[in-house]
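# Breakdown of the fold
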Amino acid sequence: MKAIRRFTVRPVLPEPLRPLSDLARNLRWSWHAETRDLFQSVDPESWAASGNDPVRLLGSVPPARLAELAEDRRFLRRLAEVAGDLNDYVTGGRWYQDQSAELPTAVAYFSPEFGITAALPQYSGGLGILAGDHLKAASDLGVPLIGVGLLYRHGYFRQTLSRDGWQQEHYPVLDPNELPLALLKEPDGTPAQVSLALPGGRSLHARVWLAQVGRVPLLMLDSDVEENDLGGRGVTDRLYGGGSEHRLLQEMLLGIGGVRAVRAYCRLTGHPEPEVFHTNEGHAGFLGLERIAELAAAGLDFDPALEAVRAGTVFTTHTPVPAGIDRFDRELVAHHFGPDAELPGIDVERILQLGMETYPGGEPNLFNMAVMGLRLGQRANGVSLLHGNVSREMFSGLWPGFDPDEVPITSVTNGVHAPTWVAPEVFRLGARQIGGRRTEDAMTVGGSERWDAVGEIPDQDIHELRRVLREQLVTEVRERLRASWRQRGAGTAELGWIDGVLDPDVLTIGFARRVPSYKRLTLMLRDRDRLMDLLLHPERPIQIVVAGKAHPADDGGKRLVQELVRFTDDPRVRHRIVFLPDYGMAMAQKLYPGCDIWLNNPLRPLEACGTSGMKAALNGCLNLSVLDGWWDEWFQPDFGWAIPTADGTGTDPDRRDDIEAAALYDLLEQRVTPRFYERGQSGLPDRWIEMVRQTLTLLGPKVLAGRMVREYVERLYTPAAHAHRAMTADAARELAVWKARVRSAWHDVSVDHVETSVSTVTATAELGTTLTLRVRVGLGDLAPDDVEVQVVSGRVDPEDHIADASTVPLKAVVGPDTDGRWTYEGPLSLARTGPYGYTVRILPSHRLLASGAELGLVAVPAEDLGEEAGVLMR
């Protein structure tokens with residue numbers, strides 16, 4: 001019989017054990033080994049059965065065991081010590097509190113998904129795991145962050161396989177009362193709520209659940225409340241599910257409702273109001289509209305309010321392809337805003353202008369969430385150096401007249417939270433070398449360029465560590481594979497072969513990620529005979545562990561999964577290559593440490609960052625990857641291999657896959673496997689161990705989420721907070737009026753004449769020469785204070801395009817003359833040899849601008865000014 005109603009019955013802990021409840025409700029346990037060890041000691045069998053979830057554990061421990069522990073002095077001493085450590089962690093000063101700069105009082109960080117722990121399954125892949133690591137690193141550093149997301153009642157999905165290898169999705173219902181969450185409540189004890197106005201006089205209500213991530217509160221909005229109709233209750237049903245309107249409502253709730261939830265949280269707890277709002281991908285972009293509406297309600301017009309909001313907003317794009325961005329029909333967006341819906345005080349046309357693709361190559365009837373994010377954020381970044389370049393190209397239409405490298409999108413390369421992803425055995429090895437506290441600081445705060453202490457660890461210790469981790473992975477794989485085959489319908493009698501799957505002494509390769517086509521899950525199958533030879537080599541075999549989920553609506557991705565599964569089912573190779581369904585955090589934490597090689601073969605440059613290889617590297621796993629994302633930035637032959645790419649525009653996609661697959665096989669056959677299996681005089685794989693050592697020494701400090709968050713604080717959050725403070729209501733009005741005046745007058749701005757102190761007839765000059773430039777410009781109704789006249793110089797290519805340019809401002813010396821023209825002068829130093837050129841341009845200039853490109857306005861010499869305004873030296 002099926003129950004008509006469900007309750008969660010919480011245990012009543014004896015008074016001496018009450019601190020266990022606080023420890024279970026703070027998700028620091030997910031990365032703090034001592035806390036996990038304490039919970040395991042409560043009841044080892046129940047701990048394993050709970051999936052290492054303290055909340056579920058405490059709900060299943062028999063009262064007799066709790067009573068026993070309440071009298072156990074040794075346990076109570078451990079409990080007091082761990083609880084005291086948590087109190088010191090959340091209240092004491094950390095890196096942020098030691099900084100002398102005027103840092104933000106608080107930062108709100110919005111993301112559609114957060115991967116904190118497998119016990120809170122609110123993530124689909126890299127974006128969510130990155131967001132979770134961002135919160136954890138902010139907590140370790142003491143950054144006053146408030147996380148904002150949605151609570152999905154079905155999470156993403158659970159993946160199983162049919163008998164013939166087809167992906168099947170399952171959506172278990174998550175009860176928030178059984179998760180490590182607490183409701184945000186008003187002083188009278190009622191749940192705090194936020195509401196959105198919907199067309200037709202309807203409303204969308206949401207409660208706010210609080211997950212405590214160390215020092216950082218994570219607010220999660222849940223629309224499954226009785227006040228909503230059936231459609232409203234389903235808005236937060238699944239991550240990345242539903243059609244366009246469903247996704248639009250999710251993103252309105254995340255952005256607009258999220259700001260309202262932050263205001264409620266700060267009002268109820270006394271937490272400082274955020275000075276900076278960080279939009280992690282475009283899904284939360286509507287947060288800027290809500291903040292504009294707040295300022296409008298306080299008396300600011302739309303344009304000044306927009307300037308005030310932009311000053312304190314940071315936008316991060318994770319998408320290297322336009323197809324990965326949420327875009328909505330103009331009419332759908334217009335329907336959900338205005339007098340009969342949300343934000344009635346804002347003109348719908350002004351809202352639409354923020355997201356419409358009104359630039360060359362755009363689709364003018366589509367509302368683009370990333371475009372809105374960029375227009376609402378004064379500071380923006382990609383997530384690796386290469387991805388920054390790709391983003392500047394992809395969004396260059398928003399800044400017409402500027403070269404892509406001048407588009408104001410910087411980059412902060414992602415990092416990963418070491419305490420979450422480093423195996424306990426690796427941490428213990430570091431602690432033996434330099435002590436537990438120093439190891440913890442090195443992995444959280446970071447700051448050093450190298451981990452030189454790794455160089456003092458004996459080869460034998462590294463070799464034994466790697467084998468132990470490989471052995472643990474073999475055990476894990478066999479358990480998961482057996483469960484998968486049973487779920488696919490196999491009987492116990494036909495699964496004896498699983499006991500021989502994988503070998504702890506064989507080179508182990510890992511490949512695990514989402515399964516969009518560009519990540520090329522099946523590239524390894526391009527030449528199956530050659531792959532079989534590698535798997536079954538009599539002296540130097542390899543074994544491969546593969547995992548990954550295709551999006552439920554992506555049949556192409558599901559076909560790739562099925563193709564790989566059918567290969568792994570082949571009795572000839574199934575002991576050497578496996579596919580594990582239901583890839584998630586719990587599996588990943590076993591998989592990364594146990595692999596010797598982490599394989600990544602996306603289509604370059606479509607991998608924005610690719611942090612899985614970072615997690616593997618922190619465990620001494622070597623990377624074998626296409627030069628994309630972070631690997632393009634940090635690859636060295638000392639600690640991995642680069643798969644050559646055939647990414648020329650003229651290469652047929654099939655031909656490209658053939659070439660790159662062949663390069664992968666060549667590397668495995670000729671360089672990777674010989675290095676793993678060769679032995680030195682000591683009987684150990686000396687050269688392999690040295691590569692592991694170099695990986696930990698040189699890559700370890702770079703790939704930390706602590707390094708990433710410190711960069712965000714120093715390069716983006718702090719400048720944004722300063723801009724926010726400077727953008728008073730009067731300053732915002734001044735800037736808005738100034739921008740309107742500049743835009744209306746810009747058509748009269750021109751570069752009329754350029755001359756230098758050296759004749760350009762000879763077109764040569766000596767290194768170190770300084771020329772004097774004299775430039776005549778028209779400013780129309782603008783004044784010199786409104787603009788900056790610059791000389792732009794650098795090397796030139798055969799088409800006279802300036803590369804690696806440097807800019808020097810010129811000074812107004814005469815004007816206006818009888819024609820209203822101004823004369824500017826300044827030096828041009830010839831600091832490089834070879835083909836060299838310069839040009840002159842005019843940009844808007846104001847003290848409150850973050851970049852001269854901010855308005856997308858530039859004036860350059862007309863073509864008929866000839867060589868005097870362009871290339872100078874050959």
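Right above here is the structure, for reference.
First, a word on what this report is: a plain description of the structure on this page. What you see as residue numbers is a count from 1 along each chain, following the sequence as written. Per-residue local features are limited, in this predicted model, to residues with pLDDT of at least 70; the limit for side-chain atom pairs, both in listing and counting, is 80 or more; totals at the level of whole chains, interfaces and linings are taken over all residues. Processing note: side-chain calculations cover all non-hydrogen atoms of the structure and skip hydrogens and water entirely.

### Topic: the environment of R733
The way it works is that DSSP assigns letters per residue, a run of H or I at least four long becomes a helix, a run of E at least two long becomes a strand, and they are numbered from the N terminus. Take R733: it is sitting in helix α28 (residues 729-745). With a 1.4 Å probe rolled over the protein chains alone, any residue whose accessible area is under 20% of its type maximum counts as buried; one over 50% counts as exposed, and the rest are partly exposed. When its relative accessible area of 36% is taken as the criterion, R733 is described as partly exposed. Residues R733 and A308 lie 425 residues apart in sequence; the distance between their C-alpha atoms is 8.9 Å. Contact definition: two residues touch when any of their heavy atoms are within 4.5 Å. If sequence neighbours within four positions are ignored, R733 has contacts with G299, L300 and P304. Of note is the side chain of R733, whose polar atom sits 3.2 Å from the side chain of D730. Any pair of nitrogen or oxygen atoms within 3.5 Å is treated as a polar contact; in protein, a donor-acceptor pairing is required on top of that, and neighbouring residues in sequence qualify only through side-chain atoms on both sides.

### A short note on the sheet that holds strand β18 (residues 597-600)
Sheet architecture is open: six strands sit in the order β17-β16-β15-β18-β19-β20, paired in parallel fashion. Bordering the open sheet on either side are β17 (577-580) and β20 (640-643), each of which pairs with just one other strand. Averaged over all pairs of adjacent strands, the angle between their axes in this sheet comes to 20°, without regard to strand direction. Two strands qualify as a pair provided DSSP detects at least 2 bridges between them. Note that strand β19 (residues 622-626) and β20 share four bridges and pair parallel. Residue N623 lies in a different strand from β20, and its bridge partner there is G640. For every element, the axis is a line fit to its C-alpha atoms; helices are fit only across the contacting stretch, and the angle between N-to-C directions ranges from 0 to 180 degrees. The sheet strands contacting helix α26 (residues 686-699) are β15 (507-512), β18, β19 and β20, and the helix crosses β19 at an angle near 80°.

### Looking at the side chain of D786
Along the chain, D786 falls in the loop between β22 (770-778) and β23 (787-796). Within the structure, the side chain of D786 is placed 3.0 Å from the side chain of R741, a separation counted as a polar contact. Setting aside chain neighbours within four positions, we find D786 in contact with W738, R741, L843, P844 and S845.

### Here's the deal with the pairing of β23
Extensive coverage of β23 is indicated by the burial of eight of its ten residues. With nine bridges connecting them, β23 and strand β27 (residues 836-844) associate as antiparallel partners. Considered in β27, the bridge of R795 is made with Y836. When β23 meets strand β24 (residues 802-809), the two strands line up antiparallel, connected through six bridges. Of the residues in β24, the one forming a bridge with V791 is V808. Count of turn residues in the β23/β24 antiparallel hairpin: five residues, of which D800 carries a positive phi of about 70°.

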